[in-house]
Amino acid sequence: MPFHEDELDEIESSHLQRLTAAEADGDERAVEAALRPRTLDEVVGQARVRAQLGLVLEAARQRGRVPDHVLLSGPPGLGKTTLAMIIAAEMSSPLRLTSGPAITHAGDLASILSGLNEGDVLFVDEIHRMSRPAEEMLYMAMEDFRVDVVIGKGPGATSIPLEIPPFTLVGATTRAGLLPGPLRDRFGFTGHLEFYEPDELELIVRRSAGLLGVELAEGGADGTGGAGEIASRSRGTPRIANRLLRRVRDYAQVHADGLVTRPLAAAALDLYEVDPLGLDRLDRAVLDVLCRRFGGGPVGVSTLAVAVGEERETVEEVAEPFLVRNGFLARTPRGRIATPAAWEHLGLRAPGPTYGDEGLFDE
């Protein structure tokens with residue numbers, strides 16, 4: 001969506017005012033919201049999804065119609081909510097936000113849909129957790145822009161058709177495989193967000209630092225400054241990068257003159273138990289227990305969870321995906337197994353053949 005120069009200045013001024021207000025209130029969520037990109041042009045990374053989504057929105061604008069329904073999938077913290085806000089902003093439409101767990105009955109969804117106006121963008125986060133009756137009502141709403149509301153029970157029940165103005169549904173999910181096929185097929189555009197590369201995260205850190213008023217030192221002999229150090233420990237996730245930037249800013253304010261250099265960023269992140277590869281306390285605890293107490297596995301995830309003092313879901317959904325993606329942990333039918341990279345990262349020597357070594361599972 002094109003903007004004139006004076007409009008861009010007004011947007012930037014408004015953006016900075018929101019950011020300043022959020023900082024004054026000390027509200028972390030408000031600060032995070034203020035750091036979000038406002039247009040597709042401001043989004044760093046996700047080039048393919050940006051190009052595809054931009055085409056969908058521009059075509060809808062030229063036809064004078066609402067865009068097709070959009071499904072955004074991917075791990076947490078990659079920008080699904082931000083893209084939903086951008087879709088509404090690009091189409092100059094109001095954004096209504098809700099979440100799948102909040103829609104427990106078909107009546108909840110009917111109430112939300114009946115309050116929509118033409119062209120509104122309805123964002124449903126964690127859409128895969130919506131109740132089944134609400135999902136079935138959503139089918140007709142997405143396709144025909146109407147729902148049938150049942151009044152009463154038993155033989156005296158009557159169905160009242162409710163017309164809904166054309167709207168755009170933006171669904172976000174971290175588990176696209178849990179969506180029923182009929183619901184998934186009704187989305188006109190599906191975009192999957194990938195983890196970010198370190199150079200992309202460095203650009204995000206620099207942009208956020210400018211908005212927060214954080215002074216970053218330029219790279220040294222290796223070309224990596226404070227922004228690069230933060231980006232390399234952010235697990236490929238912008239949300240984590242922005243959070244670590246705020247913690248490094250605090251450290252620089254208290255222990256230095258406010259300038260974020262690479263050594264200072266490293267010292268701050270070490271204090272917060274984020275190691276050079278992005279592993280945090282829970283990640284290292286899982287690997288440490290797996291290697292030291294269970295000889296590298298195999299061991300069940302429930303046993304691992306008890307050993308580190310966390311819930312099974314926490315280990316399985318928070319720690320495991322990052323460890324598996326980076327080659328520290330392997331899932332096998334017999335349980336979780338530490339890879340050679342895990343032993344090396346902990347500075348330990350494997351007692352015998354490890355997962356990935358030739359002949360480990362040979363008959």
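This text follows the structure it describes.
Residues numbered from 1 in each chain as written. Predicted model: local features only at pLDDT ≥ 70, side-chain atom pairs only at ≥ 80, totals over all residues. Heavy atoms only, no water.

(A) How the structure looks around the overall build of the chain. Across its full length, the chain carries 15 helices and 11 strands. Taking all 363 residues of the chain together, the buried fraction comes to 42%. Put simply, 66% of the contacts in the chain that link residues at least 6 apart link residues at least 24 apart. When the accessible area of the chain is evaluated, it comes to approximately 18,500 Å², of which 50% is carbon and sulfur surface. (Helix = DSSP H or I, 4+ residues; strand = E, 2+ residues; numbered from the N terminus. Buried < 20%, exposed > 50% of the residue type's maximum accessible area, 1.4 Å probe, protein only. Contact = heavy atoms within 4.5 Å. Areas by Shrake-Rupley, 256 points an atom, 1.4 Å probe, with all protein chains shown as cover.)

(B) Looking closely at the environment of Ile204. Tracing the chain through its elements places Ile204 in helix α8 (residues 198–212). Separated by 23 residues in sequence, Ile204 and Ala227 place their C-alpha atoms 8.9 Å apart. When neighbours within four sequence positions are excluded, Ile204 is seen to be in contact with Val44, Tyr196, Pro238 and Asn242.

(C) Region of interest: the pairing of strand β1 (residues 70–73). Burial along β1 is two-sided: the face carrying Val70 and Leu72 and the face carrying Leu71 and Ser73 are both buried. Relative to strand β6 (residues 168–173), β1 runs parallel, the two being bridged by 4 bridges. From the neighbouring strand, Leu72 faces β6, where its bridge partner is Ala172. Taken together, the 4 bridges between β1 and strand β7 (residues 189–192) define a ladder with parallel strand orientation. Among the inter-strand pairings, Leu71 is bridged to a residue of β7, identified as Thr190. (Pairing = 2+ DSSP bridges.)

(D) A look at the nonpolar core. Among the nonpolar cores identified, the biggest contains 47 residues, and Leu53, Leu83, Val170, Ile230 and Val248 are the most heavily contacted of them. Broken down by element, this core gets its largest block of residues, 7 residues, from helix α10 (residues 238–255). Non-local contacts of Val248, meaning those with residues more than four positions away in its chain, are made with Ile230, Val260, Leu264, Ala265, Ala268 and Leu269. Core analysis: the next-biggest nonpolar cluster, separate from the first, contains 23 residues, Leu113, Met137, Leu179 and Phe187 among them. (Core = buried A, V, L, I, M, F, W, Y, C linked by side-chain atoms within 4.5 Å.)

(E) Representation of the packing of helix α12 (residues 281–293) against helix α14 (residues 312–325) within the structure. Two numbers describe how α12 lies on α14: the axes approach to 10 Å, and their chain directions differ by 85°. On the basis of their axis angle, the class for α12 and α14 is roughly perpendicular. Residues Leu282, Asp283, Val286 and Leu287 of α12 touch α14, and the partners they reach there are Thr314, Val315, Val318, Ala319, Phe322 and Leu323. Of the residues contributing to the contact of α12 with α14, the split by class is 8 nonpolar, 1 polar and 1 charged. (Axes fitted to C-alpha atoms, helices over the stretch in contact; angles between N-to-C directions. Parallel < 35°, antiparallel > 145°, perpendicular 65-115°, else oblique. Nonpolar A, V, L, I, M, F, W, Y, C, P; charged D, E, K, R; others polar.)

(F) How the structure looks around the pattern of salt bridges. The tally for this structure, following the rule as stated, stands at 22 salt bridges. The salt bridge partner of Asp275 is Arg284, with a shortest N-O separation of 3.9 Å. With its nearest N and O atoms 3.1 Å apart, the salt bridge here joins Arg281 to Glu310. One end of the pair, Arg281, is in helix α12; the other, Glu310, is in the loop between α13 (301–308) and α14, and 29 residues separate them in sequence. Residue Glu310 is classed as partly exposed on the basis of its relative accessible area of 27%. One network of salt bridges, with partners in common, ties together Arg312, Glu316, Glu320, Arg331 and Arg336. (Salt bridge = Lys/Arg side-chain N within 4 Å of Asp/Glu carboxyl O.)

(G) Layout of the side chain of Asp120. On the secondary structure map, Asp120 appears in the loop between α5 (106–114) and β3 (121–125). The class for Asp120 is buried, based on a relative accessible area of 1%. A distance of 2.9 Å separates a polar atom in the side chain of Asp120 from the backbone nitrogen of Asn117. (Polar contact = N/O pair within 3.5 Å; in protein donor to acceptor, adjacent residues only side chain to side chain.)

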